[in-house]
Amino acid sequence: MQTAWLQRANHPHCLLFFSGWGMDPEPFRFLPARSCDVLLVHDYRHLQLPELEPLAAYRQVHLAAWSMGVWVAAHLLADRAGSFASRTALAGTLSPIDAGRGLPPEAYATMVDSFGPEVLDTFYANMFDDPAQHSRFLASRPRRAMAALREEMAAFRAAVAQAEAEFREA
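Source: prediction; values computed, not measured.

A. Summary view of helix 3 (residues 117–126). Inspection of helix 3 places Val119, Leu120 and Tyr124 among the buried residues, and these make up the whole buried set. Taken end-on, helix 3 shows its buried residues confined to a sector of 135°, consistent with a single buried face. Among the exposed residues of helix 3, those pointing more than 90 degrees away from its buried face are Glu118 and Asn126. Residues of helix 3 that are buried in the fold lie against helix 2 (105–113), helix 4 (131–139) and helix 5 (146–169).

Shown next, in the form of structure tokens:
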């Protein structure tokens, strides 16, 4: 996992934001943050909690997670949930690869197996119902290599499967 400060102006509050699959700082740079610093977490190829020690200096830390970042944040921060002033999940699920509550496993497998520019373009188009917002996103789209995106998608599937297996064994 990687982190990037989208805003760091020594505000007393910080937003810790777990982005969705395939993201990097680019699509979020234009978002204004007038009253808090913003630390972005992205790239879920290796699910190891990043160094969060800088957050200790803040009076309050708010947690927001979007899309697949919802599962990542819930999975990695379960024992720290009480340390956040607020927690917000956006368009995500705790069962991200699931026929009833997330993406059907077969559909996810097809995306991984056939991943390429066309699949990525379709994914980006499906994120929006407003063509103007889609165009705005494409102007600041993530700048990640196709191989890294596919690796992230496959690693995420493996992490979810491992967590589910551990849960069943417990």
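B. Molecular detail of the packing of aromatic side chains. Within the structure shown, the criterion is met by 9 aromatic pairs. Considering the side-chain rings of Phe17 and Phe28, the 5.2 Å spacing of their centres and the 80° angle between planes classify their relative orientation as edge-to-face. With Phe17 in strand 2 (residues 13–18) and Phe28 in the loop between strand 2 and strand 3 (37–42), this pair connects stretches of sequence that are 11 residues apart. Phe28 gets classed as buried once you look at its relative accessible area, which sits at 9%. Centroid distance Phe123 to Tyr124: 6.1 Å. Interplanar angle 55°. Geometry classified as tilted. Residue classification places Tyr124 among the buried residues on the basis of a relative accessible area of 2%. Chaining the aromatic ring pairs together yields one cluster made of Trp21, Phe115, Phe123, Tyr124, Phe128 and Phe137.

C. Expanded view of the sheet that holds strand 3. With mixed pairing, the 5 strands of this open sheet are ordered in space as 1-3-2-4-5. Either end of the sheet is taken by a strand with one partner, and the two such strands are strand 1 (2–7) and strand 5 (86–90). The average angle at which neighbouring strand axes cross in this sheet is 20°, direction not considered. The pairing of strand 1 with strand 3 spans 5 bridges and is classified as antiparallel. Note that in strand 3 the partner of Ala4 across the bridge is Leu40.

D. Molecular detail of the nonpolar core. In this structure, Leu16, Phe18, Leu55, Val72, Leu77 and Phe156 are the most contacted members of the largest nonpolar core, which totals 41 residues. Mapped onto this core, the elements with two or more residues apiece are strand 2, strand 3, strand 4 (60–66), helix 1 (68–77), helix 2, helix 3 and helix 5. No other element matches the 7 residues that helix 1 contributes to this core. Beyond its immediate sequence surroundings of up to four residues, Leu77 is in contact with Leu16, Phe18, Leu49, Leu52, Leu63 and Phe84.

E. Broad picture of the pairing of strand 4. Here strand 2 pairs with strand 4 via 6 bridges, running parallel. Directly across from Leu15, in strand 4, lies its bridge partner His62. For strand 4 and strand 5, the ladder comprises 5 bridges, and the chain directions are parallel. The partner of Leu63 across the bridge, within strand 5, is Arg87. With respect to chirality, the unit in which strand 4 leads through helix 1 into the neighbouring parallel strand 5 is right-handed.

F. Representation of the packing of helix 1 against helix 5. Two elements in contact, helix 1 and helix 5, have axes separated by 12 Å at closest approach and are oriented at 45°. Between helix 1 and helix 5, the crossing angle belongs to the class labelled oblique. Like other packed secondary-structure pairs, helix 1 and helix 5 cross with a definite hand, here left-handed. Counted together, Met68, Trp71, Val72 and His75 of helix 1 and Phe156, Ala159, Val160 and Ala163 of helix 5 form the full contact between these two elements. Looking at the contact of helix 1 with helix 5 residue by residue, the class counts come to 7 nonpolar, 1 polar and no charged.

The rules behind each value
Residues numbered from 1 in each chain as written. Predicted model: local features only at pLDDT ≥ 70, side-chain atom pairs only at ≥ 80, totals over all residues. Heavy atoms only, no water. Buried < 20%, exposed > 50% of the residue type's maximum accessible area, 1.4 Å probe, protein only. Helix = DSSP H or I, 4+ residues; strand = E, 2+ residues; numbered from the N terminus. Arc of directions from axis to C-beta. Contact = heavy atoms within 4.5 Å. Phe/Tyr/Trp six-rings, centres within 6.5 Å; stacked < 30°, edge-to-face > 60°. Pairing = 2+ DSSP bridges. Axes fitted to C-alpha atoms, helices over the stretch in contact; angles between N-to-C directions. Core = buried A, V, L, I, M, F, W, Y, C linked by side-chain atoms within 4.5 Å. Right-handed = clockwise from strand over helix to strand, strands pointing away. Parallel < 35°, antiparallel > 145°, perpendicular 65-115°, else oblique. Left-handed = near helix turned anticlockwise from the far one by under 90°. Nonpolar A, V, L, I, M, F, W, Y, C, P; charged D, E, K, R; others polar.

By themselves, these observations are geometric and do not establish any function.
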